[in-house]
Amino acid sequence: MTPSLPAERATARPILHRTHHLADGREAVFFSDRGAPPVEQVSDPRPLDPRSGHGEVRFDRLTGEWVAVAAHRQTRTYLPPADQCPLCPSTGDRESEIPAEDFDVVVFENRFPSLGPDLGVLPGTEPPAQRGLWGRPSPAVGRCEVVVFTPEHRGSFASLPFERARTVVEAWARRTEALSAMTGVRHVFPFENRGEQIGVTLHHPHGQIYAYPYPAPHAARLAARSRAHLEATGRPLMGELLADETAAGDRMVVAGEHFSAYVPYAARWPLEVHLVPHRQVPDLAALDGEERDELAVLYRDLVRRVDRLWATPTPYIAAWHQTPVTAADREAGWLHLQLTSPRRSEDKLKFLAGSEAAMGAFINDVPAEQTAARLREAAR
C-alpha cells in the first residue's frame with residue numbers, strides 16, 4: 001500500500017524562514033509551516049561564553065582520509081532531564097538554545113561543533129619534500145548545524161503531521177543549498193540519529209547537518225564509483241540499481257510517483273532500506289515542490305514502518321547521501337537516503353566487531369528479502 005499526499009495540501013503557499021542570532025553570534029534559522037508567518041523577532045539574553053575554539057583535522061597518510069579531533073565536545077550536554085532540554089522552547093524560567101516560546105522548525109549552529117565555526121579551505125595533501133611528521137593539524141573548518149523538528153519534547157519524525165514533516169524537508173533542502181555555497185565546503189550531509197543505542201545525547205526530536213571541508217570517505221567512494229560507471233556505460237549507477245530492484249520486486253518496500261524505497265540486495269545491516277528519487281538529482285536542494293511533498297509523506301511512512309517492527313521504538317541512523325560539491329560528482333551522483341538500524345531482533349543488537357570495525361567487511365544476520373517483506377507488512 002502506497003501512502004498518498006494529504007488532499008488539503010496547498011503547494012502554492014510558501015514555507016517562509018527568517019535568520020536570527022543567538023547570544024554568542026551563532027545563526028538560528030526559523031522555518032514556519034506552509035502558510036504560517038515566520039518568527040519575526042527573538043531575543044537571547046543568556047550570558048554565553050565566547051564560542052569555543054576550533055577543533056582540528058589531521059590527514060591520515062595511510063588511508064588518505066581526514067580525521068577530525070574535537071576535544072572541546074567532551075563538555076557537550078548529555079541526556080539532560082526533560083525540564084532542562086536545550087532544544088525545547090525557552091520559557092520565563094529557563095532559557096534554551098531556541099529563544100522563542102514557540103516555533104515550527106529551527107536550524108541553528110551547534111554550540112559544540114565538530115567542524116567550524118570558521119570556514120576555510122584545507123591545505124593540500126601532497127607529501128612534503130622532507131620526511132618526518134607530514135604536515136601540521138589544520139583548523140577544523142566547516143559548519144555543524146542542529147535541525148529541531150518540533151517544539152514538542154516527546155515524539156519523533158514519525159509522529160509529525162504532514163505539514164511539519166514537509167517543513168523539515170524544506171529546511172534540509174534550503175540549508176543544503178546555503179551550506180554548499182559556503183567557502184571551502186565540499187560535502188553537505190543531513191542525518192538523524194535516533195535512540196540511545198545509536199549514541200543520541202538529546203531525546204528531543206532533531207537531526208543534524210554537517211558541512212565538511214572534504215568529501216566524507218563513504219561519499220568519496222560512492223562518487224568515484226558513480227563517475228567510473230557513467231564514463232564506462234553512459235548510464236548513472238543509482239538509476240540502474242533502482243531499475244533492477246524495481247524489476248526484481250522482492251526487495252521493494254513502497255513505490256510512489258517520485259520516490260521508491262527498497263532493501264538493497266547487498267544490505268550490510270539487519271535493518272537497512274534505501275529511499276531513492278526516480279529522477280536523477282544530486283541533492284535535496286535539486287528536488288522540485290512535488291517531489292518534496294511526496295518525500296515528506298514517504299519518509300514519514302518509512303520510519304513509521306520501522307517503528308512497527310517491534311513493540312518498542314527502533315534505533316536508527318537516517319543518512320542523506322548527497323553528492324560532493326563538484327561538477328563531475330553532481331553529474332554522476334544520485335541523491336538517496338540510507339536508513340539503517342543495528343537491531344536484529346526484539347532484544348538483540350548487531351555490534352560492529354572485528355570483521356566490520358577493523359576490515360569494513362560486513363556480515364549481515366538477516367537476508368534483505370526477509371527485511372523487505374517485514375517492512376511491506378508493516379504498512380497501515
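Residues numbered from 1 in each chain as written. Predicted model: local features only at pLDDT ≥ 70, side-chain atom pairs only at ≥ 80, totals over all residues. Heavy atoms only, no water.

(A) Examining the sheet that holds strand E2 (residues 27-31) more closely. If you walk across this open sheet you meet the 11 strands as E1-E2-E5-E7-E9-E8-E13-E14-E12-E11-E10, and the pairing is antiparallel. Single-partner strands in this sheet number two, and they are strand E1 (17-21) and strand E10 (252-255). Sheet twist, expressed as the average angle between the axes of neighbouring strands with direction ignored, equals 20°. Examined bridge by bridge, strand E11 (residues 259-262) and strand E12 (residues 271-277) share 4 bridges and lie antiparallel to one another. Bridge pairing links Phe259 to Pro277 in E12. Across the sheet, helix H3 (residues 237-248) is in contact with E10, E11, E12 and strand E14 (336-341); its angle to E11 comes to roughly 70°. The strands touched by helix H4 (residues 289-308) are strand E8 (187-194), E10, E11, E12, strand E13 (316-321) and E14; relative to E12, the strand with the most contacts, the crossing angle is about 170°. (Pairing = 2+ DSSP bridges. Helix = DSSP H or I, 4+ residues; strand = E, 2+ residues; numbered from the N terminus. Axes fitted to C-alpha atoms, helices over the stretch in contact; angles between N-to-C directions. Contact = heavy atoms within 4.5 Å.)

(B) The packing of aromatic side chains, seen in detail. Under the counting rule described, the total for this entry stands at 14 aromatic pairs. Note on Phe157 and Trp172: the rings are 6.0 Å apart at their centroids and 10° apart in plane angle, and the pair reads as stacked. In this pair, Phe157 sits in the loop between strand E7 (143-148) and helix H1 (162-180) while Trp172 sits in helix H1, placing the two residues 15 residues apart along the sequence. The exposure class of Trp172 is buried, given its relative accessible area of 3%. Ring geometry for Tyr212 versus Tyr214: centroids 5.6 Å apart, planes at 40°, classification tilted. In this structure an aromatic cluster arises from ring pairing among Phe59, Trp66, Phe189, Phe191, Tyr210, Tyr212 and Tyr214. The lysine or arginine in question, Arg374, covers the ring of Trp310, its NZ or CZ lying 5.1 Å from the ring centre. (Phe/Tyr/Trp six-rings, centres within 6.5 Å; stacked < 30°, edge-to-face > 60°. Buried < 20%, exposed > 50% of the residue type's maximum accessible area, 1.4 Å probe, protein only. Lys NZ or Arg CZ within 6 Å of the ring centre and 35° of its normal.)

(C) Region of interest: the state of the cysteines. As enumerated under the stated definition, the model contains 0 disulfides in all. For Cys85, which is in no disulfide, the shortest distance to another cysteine sulfur is to Cys88 and amounts to 3.8 Å. According to the relative accessible area criterion, Cys85 is buried, its value standing at 1%. (Disulfide = S-S within 2.5 Å.)

(D) Just the nonpolar core, in detail. Grouped together as the largest cluster of nonpolar side chains are 54 residues, with contacts concentrated most on Phe157, Trp172, Val253, Leu275, Leu295, Tyr299 and Leu339. Sequence-distant contacts of Tyr299, that is, excluding residues within four places in its chain, are made with Phe157, Trp172, Glu192, Leu275, Tyr316, Ala318, Leu337 and Leu339. Leu115, Tyr210, Ala219 and Ala319 belong to the second-largest nonpolar core, a separate cluster that totals 15 residues. (Core = buried A, V, L, I, M, F, W, Y, C linked by side-chain atoms within 4.5 Å.)

(E) Broad picture of the environment of Glu56. By the element assignment, Glu56 lies in strand E3 (residues 56-60). Distance in space between the C-alpha atoms of Glu56 and Gln41 is 35 Å, their sequence separation being 15 residues. Not counting residues within four places of it along the chain, the set of residues in contact with Glu56 comprises Val67, Ala68, Val69, Pro137, Ser138, Pro139 and Ala140. Of the polar contacts made by the side chain of Glu56, one reaches the side chain of Arg58; its length is 2.5 Å. (Polar contact = N/O pair within 3.5 Å; in protein donor to acceptor, adjacent residues only side chain to side chain.)

(F) The sheet that holds strand E4 (residues 65-69), seen in detail. Strand order in the open sheet formed by 3 strands is E4-E3-E6, with antiparallel pairing between adjacent strands. This sheet does not close on itself; its edge strands, each paired only once, are E4 and strand E6 (138-139). By the bridge criterion, 5 bridges tie E3 to E4 in an arrangement that is antiparallel. Bridging across to E4, Asp60 finds its partner in Glu65.

(G) Quick peek at the pairing of E10. Direction of pairing for E10 relative to E11: antiparallel, over a ladder of 3 bridges. In the strand pairing of E11, Met252 is matched with Tyr262. Here E10 hands over to E11 after 3 residues, the two strands then running antiparallel side by side.

(H) Structural detail: helix H2 (residues 217-233). Taking 1.5 Å as the rise per residue, H2 with 17 residues should run 24 Å; its terminal C-alpha atoms sit 24 Å apart, in good agreement. Here H2 has its buried residues at Ala219, Ala223, Ser226, His229 and Leu230. Looking straight down H2, one finds its buried side chains confined to an arc of 135°; they lie on one side. Turned more than 90 degrees from where H2 packs its buried face, Arg225, Glu231 and Ala232 sit exposed. Against the buried residues of H2 lie E8, H3 and helix H5 (327-332). Two residues or fewer after H2 comes Gly234, characterised by a positive phi angle close to 80°. (Expected span 1.5 Å × (residues − 1). Arc of directions from axis to C-beta.)

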